[in-house]
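# Examination of the molecular architecture
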Amino acid sequence: MEANDAIRTAAKVAGRALGLKAAAIGAVLFIIFLLIVGLFGAGMGGKAFADSCGGRGQPGADLGDVGTPQQGQAPGAQMRKDQIANAKIIDQVASAGGLSGRATFLALVTALQESTLLNLDHGDRDSVGLFQQRPSSGWGTKEQIMDPKYAAGMFFFGDKKDHDPPGLVDVKGWESMDIKTIVRKVQRPDDRYLDLYLGQQDAAHQIAQEASINLDRPGQGGQDTGATAAGTGTPDDDKGGATTGPNDNGECFQDAEGKPSNGKPGAPFHDSTAPWPSEVTNPRSTADAIQWARNQATTGGRDWYRACLAFVARTYGWSFSGTTYAIDHYREMPPAFKHDKDRNPPPGALMYWETSQRAGHVAVYLGGGKIASNDILRPGYIDVVDATAIEANWGATYAGWAPPYFPKGG
């Protein structure tokens, strides 16, 4: 654990116990003691959790920023407890159905990619829950899908009457099949995003270990042990099969309408000097905002996990942005404010990317081709990186830039 994280944690404990000063002091001292002996470091400050997509953690879900600050949602605190609790429910459903530990592993990989293993009440279109299942696609009602036990059962066994949607056990040869083929058959995502599920394997093993889940557990009759389908590869094939991934040949970088994007991914970004429209007024000046963002990268804590829109709003002095998703913040900009695909933003501009998930991504342009972004190098932290890193590391599609305009901010 970083020193700043310890201080923030201690402050939060004290703040929640103003009426019990003795208890607060004891809690703070206990935290400091744990820090000294290294127990906190073993649980949070070592290996970063890979609870996100792609090689370095492409956000798969946005925590929202519609009225209250969403800081403190980093892996390790309550969020980690929720993930472990959900993992245990998934394993209990698999075990009760006679399925092997590999079934649990596949479910954890899928849920990590779809929802960060959190029981989300929102998602792409009407998707909700651990596996982002859609009521309109026959997975059940929203209330049913929001029950982790029910959602896990549907992932494993699908619609038992019509087998549509199918579950894992409906996929012939699933025990010896590669992850991408299984995900394609059960979750039915866009093929461009199948590679992202492979990046969740380490996180799945880590969470299983923390939850005391035996991923080597043999099946007891519920599994399908049929032969592997031709051309499907081998289990846990982290190199992928024949499926085209988001970085292959640069052909799948498309805009929101599915058309080839303008501007080759990876092309450098250059500074411009476009002035902000008169409607753009913020509590913090552009120069101060850029410095604040840089300070977060050097002295800030693990406060920004999957909270990119919250981060840019705080950068400009707002408590919240007033918008749920980062990409919606761009789409809702006045037309004259949006600079689609333009790779010449002025310092202080907000830059937006389409990702494999509903939320999209936004970062602050610092100038000189650099951005301040959360999760790009360290989940939950802010880092200063090349603006091209979002495309290169996450396979995202650059949407454009806009001035720091927060009409719904507060």
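Residues numbered from 1 in each chain as written. Predicted model: local features only at pLDDT ≥ 70, side-chain atom pairs only at ≥ 80, totals over all residues. Heavy atoms only, no water.

Another aspect to go through is the overall build of the chain. Tallying secondary structure elements over the chain gives 14 helices and six strands in all. Partitioning the contacts of the chain with sequence separation of at least 6, the portion at a separation of at least 24 is 69%. (Helix = DSSP H or I, 4+ residues; strand = E, 2+ residues; numbered from the N terminus. Contact = heavy atoms within 4.5 Å.)

To continue, consider helix H10 (residues 201-210). Every buried residue of H10 is listed here: Gln201, Ala203, Ala204, Ile207 and Ala208. The buried residues of H10 all sit within an arc of 160° when viewed along its axis, so they share a single face. Of the residues in H10, the exposed ones pointing more than 90 degrees away from the buried face are Asp202 and Gln209. Close packing links the buried residues of H10 with helix H4 (78-96), helix H5 (101-115), helix H8 (179-186) and helix H9 (194-198). Just downstream of H10 lies Ser212, where phi reads positive at about 55°. (Buried < 20%, exposed > 50% of the residue type's maximum accessible area, 1.4 Å probe, protein only. Arc of directions from axis to C-beta.)

With that out of the way, let us pick up the sheet that holds strand S1 (residues 339-340). The strand order S1-S6-S2-S3-S4-S5 describes an open sheet built from six strands, whose pairing is antiparallel. Every interior strand has two partners, whereas the edge strands, S1 and strand S5 (382-386), have only one. Along the sheet, helix H12 (residues 308-315) makes contact with strand S2 (350-354), strand S3 (361-367), strand S4 (370-374) and S5, crossing S3 at roughly 40°. (Pairing = 2+ DSSP bridges. Axes fitted to C-alpha atoms, helices over the stretch in contact; angles between N-to-C directions.)

The full count for this structure, using the stated rule, is ten salt bridges. Of the charged contacts, one joins Lys408 and Glu332 as a salt bridge, the two residues approaching to 3.3 Å between their closest N and O atoms. Here Lys408, found in the segment after strand S6 (397-402), pairs with Glu332, found in the loop between helix H13 (326-331) and S1; they are 76 residues apart in sequence, far enough to count as distant. Classification of Glu332 by relative accessible area gives partly exposed; the value is 45%. Several salt bridges converge on common partners, so that one network encompasses Asp328, Arg331 and Glu354. (Salt bridge = Lys/Arg side-chain N within 4 Å of Asp/Glu carboxyl O.)

Of all the eight residues making up H12, eight are buried; the element is thus mostly covered by neighbouring parts of the structure. Considering only its buried residues, H12 is in contact with helix H11 (286-299), H13, S2, S3, S4 and S5. Downstream of H12 by a residue or two, Gly317 has a phi angle that is positive, lying close to 90°.

At a minimum axis separation of 9 Å, H4 and H10 run at an interaxial angle of 85°. Between H4 and H10, the crossing angle belongs to the class labelled roughly perpendicular. When H4 is examined against H10, the residues Arg80, Gln83, Ile84 and Ala87 are found in contact with a partner set consisting of Gln206, Ile207 and Glu210. Its residues placed into classes, the contact of H4 with H10 shows three nonpolar, two polar and two charged. (Parallel < 35°, antiparallel > 145°, perpendicular 65-115°, else oblique. Nonpolar A, V, L, I, M, F, W, Y, C, P; charged D, E, K, R; others polar.)

Of all hydrophobic cores here, the largest spans 44 residues; its most connected members are Ile90, Leu117, Phe131, Phe156, Leu168, Trp174 and Ile179. Only H4, H5, helix H7 (148-157), H8, H9 and H10 provide two or more residues apiece to this core. Ranked by the residues each element gives to this core, the list is headed by H5, at eight residues. Among residues more than four places away in sequence, those in contact with Phe131 are Ile90, Ala107, Thr110, Ala111, Glu114, Ala151, Ala152, Phe155 and Gln187. Grouped together as the second largest cluster of nonpolar side chains are 31 residues, Ala297, Tyr316, Leu366 and Ala372 included. (Core = buried A, V, L, I, M, F, W, Y, C linked by side-chain atoms within 4.5 Å.)

With that settled, consider the environment of Gly101. For Gly101, the location among the structural elements is in helix H5. Judged by relative accessible area, which is 0%, Gly101 ranks as buried. The spatial distance from the C-alpha of Gly101 to the C-alpha of Ala208 is 9.9 Å, given a sequence separation of 107 residues. Filtering out sequence-adjacent residues up to four positions away, Gly101 remains in contact with Asn214, Leu215 and Arg217.

Bringing the packing of aromatic side chains into the picture now. By the definition in use, this model includes eleven aromatic pairs. Seen from their ring centres, Tyr316 and Phe406 are 6.4 Å apart, and the 40° between their planes marks the pair as tilted. Of this pair, Tyr316 sits in the loop between H12 and H13 while Phe406 sits in the segment after S6, and the two are 90 residues apart along the sequence. Taken as a pair, Tyr316 and Phe406 share a single burial class, namely buried. Aromatic side chains Phe337 and Tyr405 sit 5.0 Å apart centroid to centroid with 75° between the ring planes, which places their arrangement in the edge-to-face category. (Phe/Tyr/Trp six-rings, centres within 6.5 Å; stacked < 30°, edge-to-face > 60°.)

Model confidence for the chain is summarised by a mean pLDDT of 76, while 70% of its residues fall at 70 or above. The low-confidence segment residues 223-263, where pLDDT is below 50, has 84 contacts with residues more than four positions distant or belonging to other chains. (pLDDT = per-residue confidence, 0-100.)

Within the secondary structure, Arg102 is located in helix H5. When the C-alpha atoms of Arg102 and Asp216 are compared, they prove to be 6.8 Å apart, with 114 residues separating the residues in sequence. Within the structure, Arg102 has its side chain in polar contact with the backbone oxygen of Glu175 (distance 2.9 Å). (Polar contact = N/O pair within 3.5 Å; in protein donor to acceptor, adjacent residues only side chain to side chain.)

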